[in-house]
Amino acid sequence: MKFTQYCLLVLICLSALTQAQPPNISYTYEYPYVDGIPFFRYKERREMLRNSHGEKSLIISLSADIRNRQNDVNHPYRQSSNFLYLTGMPYPQSALILAPGGIMHEGKVSKEFLFINPRNSSKEAWEGALMGIEEAKMLGIETILPYSDLKTFVMEHLKGKDTIYFTGLPTANIPIPLAEKPFSVEQNLKEELHKSFPDLYIKTSLQKLIAMREIKDADEIRLMKKAIDISLEGHVSAMKQAKAGITEYELEAMMEYTFKKEGAEDIGYSSIMGAGYNACILHYNSNRKATLNGDLVLADCGAEYQNYTADITRTFPVNGTFSPDQKTLYDIVLEAADSAILESKIGNPFRAPHNAARKVILKRLQALGIIEKEDQLKWYFMHGTSHYLGLDVHDPGTGGTLKDGSIITVEPGIYIPPGSPCDKRWWNIGIRIEDDILITQQGPLNLSEALPRTTDGIEKLMKK
Ligand code: GLY
Ligand code: MN
Ligand code: MN
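Notes on the structure in this doc start here. Note that the structure is predicted; figures quoted are calculated from it, not measured. (Residues numbered from 1 in each chain as written. Chains lettered and ligands numbered in written order. Predicted model: local features only at pLDDT ≥ 70, side-chain atom pairs only at ≥ 80, totals over all residues. Heavy atoms only, no water.)

So, about the environment of His283. You can see His283 is positioned in the loop between β10 (272–275) and β11 (296–301). Taking the C-alpha atoms as reference points, His283 and Met273, ten residues apart in sequence, are found 9.5 Å from one another. (Helix = DSSP H or I, 4+ residues; strand = E, 2+ residues; numbered from the N terminus.)

This paragraph deals with the coordination of the manganese ion (ligand 3). Bound to the manganese ion (ligand 3) on the protein side are Asp300 (OD), Asp300 (OD), Asp311 (OD) and Glu434 (OE), at distances that span 2.0 to 2.3 Å. Coordination at the manganese ion (ligand 3) is irregular: its six donor atoms span angles of 57 to 172 degrees at the metal. All donors of the manganese ion (ligand 3) come from a single chain, and their spacing in sequence reads D-x10-D-x122-E. The distance between the manganese ion (ligand 3) and the manganese ion (ligand 2) comes to 3.3 Å, and Asp311 binds to both of them. Placement of the pair is Asp311 in the loop between β13 (308–309) and β14 (312–317) and Glu434 in the loop between β17 (429–432) and β18 (435–440), with a sequence separation of 123 residues. (Donors = N, O, S within 2.8 Å, 3.2 Å for Na, K, Ca; no water. Tetrahedral: all angles 85-135°; square planar, octahedral: opposite > 155°, others 65-115°.)

Let us look at the site of ligand 1. The local shell around ligand 1 consists of Tyr269, Asp300, Asp311, His387, His394, Glu411 and Glu434. Between a nitrogen atom of ligand 1 and a side-chain N or O atom of Asp300, the distance comes to 3.1 Å. Glu434 is positioned with one of its side-chain polar atoms (N or O) 3.2 Å from an oxygen atom of ligand 1. Here ligand 1 loses 92% of its free accessible area of 200 Å² to cover by the protein chains. By residue class, the composition of the shell around ligand 1 is one nonpolar, two polar and four charged. (Near = heavy atom within 4 Å. Polar contact = N/O pair within 3.5 Å; in protein donor to acceptor, adjacent residues only side chain to side chain. Areas by Shrake-Rupley, 256 points an atom, 1.4 Å probe, with all protein chains shown as cover. Nonpolar A, V, L, I, M, F, W, Y, C, P; charged D, E, K, R; others polar.)

This brings us to the coordination of the manganese ion (ligand 2). Those donors, Asp311 (OD), His387 (NE2), Glu411 (OE) and Glu434 (OE), are the protein atoms that reach the manganese ion (ligand 2), and they lie 2.0 to 2.1 Å from it. Donor residues for the manganese ion (ligand 2) sit on one chain with the sequence pattern D-x75-H-x23-E-x22-E.

Our next topic: the packing of helix α10 (residues 324–342) against helix α11 (residues 352–367). Each packed pair of helices is defined by two parameters, the angle between the axes and the distance between the axes. Remark: α10 packs on α11, axes separated minimally by 7 Å, with the N-to-C direction vectors making an angle of 150 degrees. Classified by the angle between their axes, α10 and α11 sit roughly antiparallel to one another. In this structure, α10 meets α11 at a crossing whose hand is right-handed. Residues Leu329, Ile332, Glu335, Ala336, Ser339 and Ala340 of α10 touch α11, and the partners they reach there are Pro353, Ala356, Ala357, Val360, Ile361, Arg364 and Leu365. Split into classes, the residues belonging to the contact of α10 with α11 amount to ten nonpolar, one polar and two charged. (Axes fitted to C-alpha atoms, helices over the stretch in contact; angles between N-to-C directions. Parallel < 35°, antiparallel > 145°, perpendicular 65-115°, else oblique. Left-handed = near helix turned anticlockwise from the far one by under 90°. Contact = heavy atoms within 4.5 Å.)

Below, the discussion takes up the pattern of salt bridges. Side chains that carry opposite charge are capable of pairing whenever their charged atoms lie near each other. Under the defined criterion, the tally for this structure stands at 27 salt bridges. With a closest N to O distance of 2.9 Å, Arg432 and Asp300 form a salt bridge. A residue pair is termed long-range when its members are at least 10 positions apart, and Arg432 in strand β17 and Asp300 in strand β11 qualify at 132 residues. Residue Arg432 is classed as buried on the basis of its relative accessible area, which comes to 3%. The buried category is assigned to Asp300, whose relative accessible area is 5%. Three or more residues are tied together by salt bridges with common partners; here these are Arg41, Arg45, Asp217, Asp219, Glu220 and Arg222. (Salt bridge = Lys/Arg side-chain N within 4 Å of Asp/Glu carboxyl O. Buried < 20%, exposed > 50% of the residue type's maximum accessible area, 1.4 Å probe, protein only.)

Take a look at the structure:
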């Protein structure tokens, strides 16, 4: 090929490439949450968090990383809950800096800075319109800067600061070793900061943020109720369609189909659909087995709506009728759940519901001869009864006394796998009843109560 021919070919290829992107295509950006948390709430949260930190500190909150699965394929993106809680910003490669003492930047003092990627038309052909700097103004954050400026900005404004806080860890109470931390961007930035500012305190424990997330405001409660109501429909649908021989994955599909049909964007955690002995495995989620006539099915499934999740468990007989032994153990779990819910009151220690549930199960299992001594209880009831619930299924919380506006789960259970040192008649029975409880001035409010909880109620629902 002559040189001129070669140049012509290159030109033709180049023009084909540029023409692949028609000029002036403009995608319209739409914020994904129409009836979500109003933006002024995020502002209030940022202000509250800033006000509880010293003037010489900086708070850095980073978006979750994109997790690559293969070549051009990523795992579904889920924003970091702490970052979302403070910004309402659902996209990756963004960061928030809160400066309690204010920072002078480009002639203006600001106390809050959002860093995001500007819009990029060639990227939008693949991903649609994402929030750019102009669109991000809707979030109401004082100053918005390009994400590429983040590192320089932090380095520049650290002089004179004594402490830098990261919001990356899900809770301050879980001592995750640094190497295992899931937030790699944050980890890199931290290491760099350590080298450049050896005297600076770098902390990840944000007690104030944890305490704030523990109490849900009216809008959060509204979204949680929606996530719970959608989940209830999913549970009803799975229970109604159950019959002996159906597979765990079919039941899971019915559950999750209903979640999505009702507007949930996602599941809040991997659905647990365990039949027979699988019901005895606490976080079982392979869900591959075919059910057998006589199996109990433990369905622990919750929809995520606008990033808030429900966490609900019901246990039902796949053939629609509890056996007498299944009913005996079921009623113990139900009694334990009811006594735990009664203890879910303002001012009670966080462990009060668990202690109440434990007491019931201990007494009843001893009476049935399934256990003799108290320390054997953990063979069949090996987990706590409650955790906080919100943006995360295991939401952060102080673990102190129960507070007005908090939402906790109450989820006692009895699990007797085959081979257990008790009469064989109890083997293969796994039961958990899990409800989502709002702590209020008027006492505990069971937000998932509408889903039948008694053996009679479940049997009636399944016969319809
Ligand atoms: N679904 C997880 C849990 O109940 O904690
Ligand atoms: Mn739970
Ligand atoms: Mn659960």
